[in-house]
Amino acid sequence: MRVNFRQADSRSAPAKSAAKRVSKLIRGIGWGMVLAGQALAGEYHLTIAEKRVDIGGEPQTAILADDGLPGPTLHWREGEDVVLHIENRLSEPTSIHWHGIELPYRMDGVPGISFEGIAPGARFSYRFPVKQNGTYWYHGHSGMQEQQGLFGALIIESAQPQPAADRDYVVLLSDWPQADPYRTLARLKKQSDYYNFQKRTVGDFFADIERLGLRETLSDRLAWGEMRMDPTDLADVNGSTYRFLVNGRTPQMAQHFLFKPGERVRLRFINASAMTYFDVRMPGLTMQVIAADGQNLQPLNVNGFRIAVAETYDVIVQPQAERAYSIFAEAMDRSGYAHASLSPRADWLAPVPPPTPRTLLTMADMGGAHAGHAAQGDNHLEHAEHAEHAEYGGHASQAGENLEAAKPAAEHAAHAGHHHAAMPPEIPSYQTLDYRDLRAETATPLGKPDREIELRLTGDMRRYIWSFDDVKYADAEPIRVKLGEVVRFRYVNQTMMNHPIHIHGLWQYLDIGAGAYNPKKHVINVRPGTTAVVDVPADAVGEWAFHCHLLYHMDTGMFRKLIVEAPDRE
Ligand SMILES: [Cu+2]
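Criteria and thresholds
- Residues numbered from 1 in each chain as written.
- Predicted model: local features only at pLDDT ≥ 70, side-chain atom pairs only at ≥ 80, totals over all residues.
- Heavy atoms only, no water.
- Helix = DSSP H or I, 4+ residues; strand = E, 2+ residues; numbered from the N terminus.
- Polar contact = N/O pair within 3.5 Å; in protein donor to acceptor, adjacent residues only side chain to side chain.
- Contact = heavy atoms within 4.5 Å.
- Phe/Tyr/Trp six-rings, centres within 6.5 Å; stacked < 30°, edge-to-face > 60°.
- Buried < 20%, exposed > 50% of the residue type's maximum accessible area, 1.4 Å probe, protein only.
- Salt bridge = Lys/Arg side-chain N within 4 Å of Asp/Glu carboxyl O.

> Quick question: what am I supposed to make of the side chain of Asn271 here?
Here Asn271 lies in strand E12 (residues 265-271). A distance of 2.8 Å separates polar atoms of two side chains, one belonging to Asn271 and the other to Ser273. Discounting residues that sit within four places of it in the chain, Asn271 has contacts with Trp137, Leu173, Thr276, Tyr277, Phe278, Ile307, Ala308, Val309, Ala310 and Glu311.

So this is what it looks like as structure tokens:
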């Protein structure tokens, strides 16, 4: 049986609900019968080709799946066998990686590790059973294709009933380069702070790191309460070259999602950026986080969350007022933002909130007021709550999410059609999502790890080389583990950057002291100067990519091959 649910463009609510009806219909009529005989096979076709796109600037060449930026949202169902036919119409090799998906490693889609890649003009068919559900994404794993637009959302419907939502939208965040990404990388290699236009103290900072070491330098600067490093150091590539998009649209392109007051709206946030972390908030609404990286969580109410590159978070909001709400995703370094509206009417758009002051951001980002401890202790146990409050307190609690106050100046005059109605109840205090608060919905007892591997996250910012243990990928031996082992990785971040660490094919259970309820993730962000500990059950044989998900870090060497060996293979 062939069912193609490739409709899913969350821009169009009617199309979406129609597809849902079809989905229900098929399930009602035929699914039981089909399942009795064989797994339902979803068959999909994607064509990878170049296309000129114009996102409010000069037209540029993009590399897209089915001409879409983002590519089409794929809808799979847990328990089905999927077949994905990929056709390469480029003049260079391509690949698609199914991010966060458990599959035979030959289907994982990393050229040079799990398959040969897809040659120009060639086709490749991925086939595997779908063993999980939730919010994921797919992206190119060849060259800079991911940065050039080759990505899309992947939504897997659960075999078990899930909490009902009246609306279900994909909110896919990305960074679109206004320059050729190869040129960007070349520039970074020549001058790593090329994109940092306020670099007055960067030289001092590096000098201090050389003299005192990173830990000293960070704690020194932070303890004085005088952050002399500019916030723009937090991102190597930023809003000076990027436009920030929601589902492929700039803030000016006024992306909106419809709702009726009182409805439960599920928003599936996916950070498909190559390099950009976002701080997400929806002024006037509490977001209930129900899943991270596709995995159900015990519901957690937050007013904001940071989403690292390649992470996904599913949240439920229940807007009560007849007004447009802002979905506001600021680049972590505040060099720009993505914006969309959650609105009762297509012609009502939410105003863009005022940006969070950058100077208040830095403390939290660099490990916060307690950076001295953070550097020694756990990544998540030493979080700077004061800084978090300061970060949002400035306008959020004082302004009470007042829309008038939040209304920005002339540049957003285009959004002036918004509608003001009754204010939602005041939210008493600000809570941002913290890894420490994540609890898996169900317990997974892992037992004691069989061994521990310390992996230092290293780099030479001035030469723009990134690595693990000071050895870059080209010079590194693969990490070898045995099938059935539980390996504890200790990620020691010795750099001044955040690194979102991703392991293909396997899960990382982040040790936050919650035992069997530690959350499992495919991406673990490790903040500057901190250590994160994860337990990884090596439950899938094969050769897997293991890397920082910042594209320019991966490309310059922060990458390993992780081999899970069958017991008889020695
Ligand atoms: Cu990195």
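> Even after reading the chapter, I still don't get the packing of aromatic side chains, so can you show me in this structure?
The geometry of an aromatic ring pair is captured by the separation of the ring centres together with the interplanar angle, meaning the angle of the planes. Applying the stated criterion across every chain yields a total of 21 aromatic pairs. Ring centres of Trp98 and Phe128 lie 6.4 Å apart, and the angle between their planes is 55°; on these two criteria the pair is classed as tilted. With Trp98 in strand E5 (residues 97-99) and Phe128 in strand E6 (residues 123-129), this pair connects stretches of sequence that are 30 residues apart. Taken as a pair, Trp98 and Phe128 share a single burial class, namely buried. Residues Phe305 and Tyr313 carry aromatic rings whose centres are separated by 5.3 Å and whose planes lie at 55° to one another, so their mutual orientation is tilted. Through pairs of rings, three or more aromatic residues link up here, namely Trp76, Trp98, Phe115, Phe124, Tyr126, Phe128 and Tyr138.

> Can you help me understand the side chain of Asn247 in this one?
You can see Asn247 is positioned in the loop between strand E10 (242-246) and strand E11 (255-258). Side-chain polar atoms of Asn247 contact the backbone oxygen of Val170, separated by 2.9 Å.

> Sorry, what's going on with the pattern of salt bridges here?
A pair can form between side chains of opposite charge whenever their charged atoms are brought close. One pass over the full model with this rule turns up 23 salt bridges. Note that Arg268 and Asp168 form a salt bridge whose closest N and O atoms lie 2.7 Å from each other. Highlighted residues: Arg268 in strand E12 and Asp168 in strand E9 (residues 167-177), separated in sequence by 100 residues. Overall, Arg268 belongs to the buried group, its relative accessible area being 7%. The exposure class of Asp168 is buried, given its relative accessible area of 14%. Of the charged contacts, one joins Glu311 and Lys521 as a salt bridge, the two residues approaching to 2.6 Å between their closest N and O atoms. Here Lys521 lies in strand E26 (residues 520-521) and Glu311 lies in the loop between strand E16 (304-307) and strand E17 (312-317), a separation of 210 residues in the sequence. Shared partners join several salt bridges into a network, and the residues in it are Asp279, Arg281, Arg306, Glu330 and Arg334.

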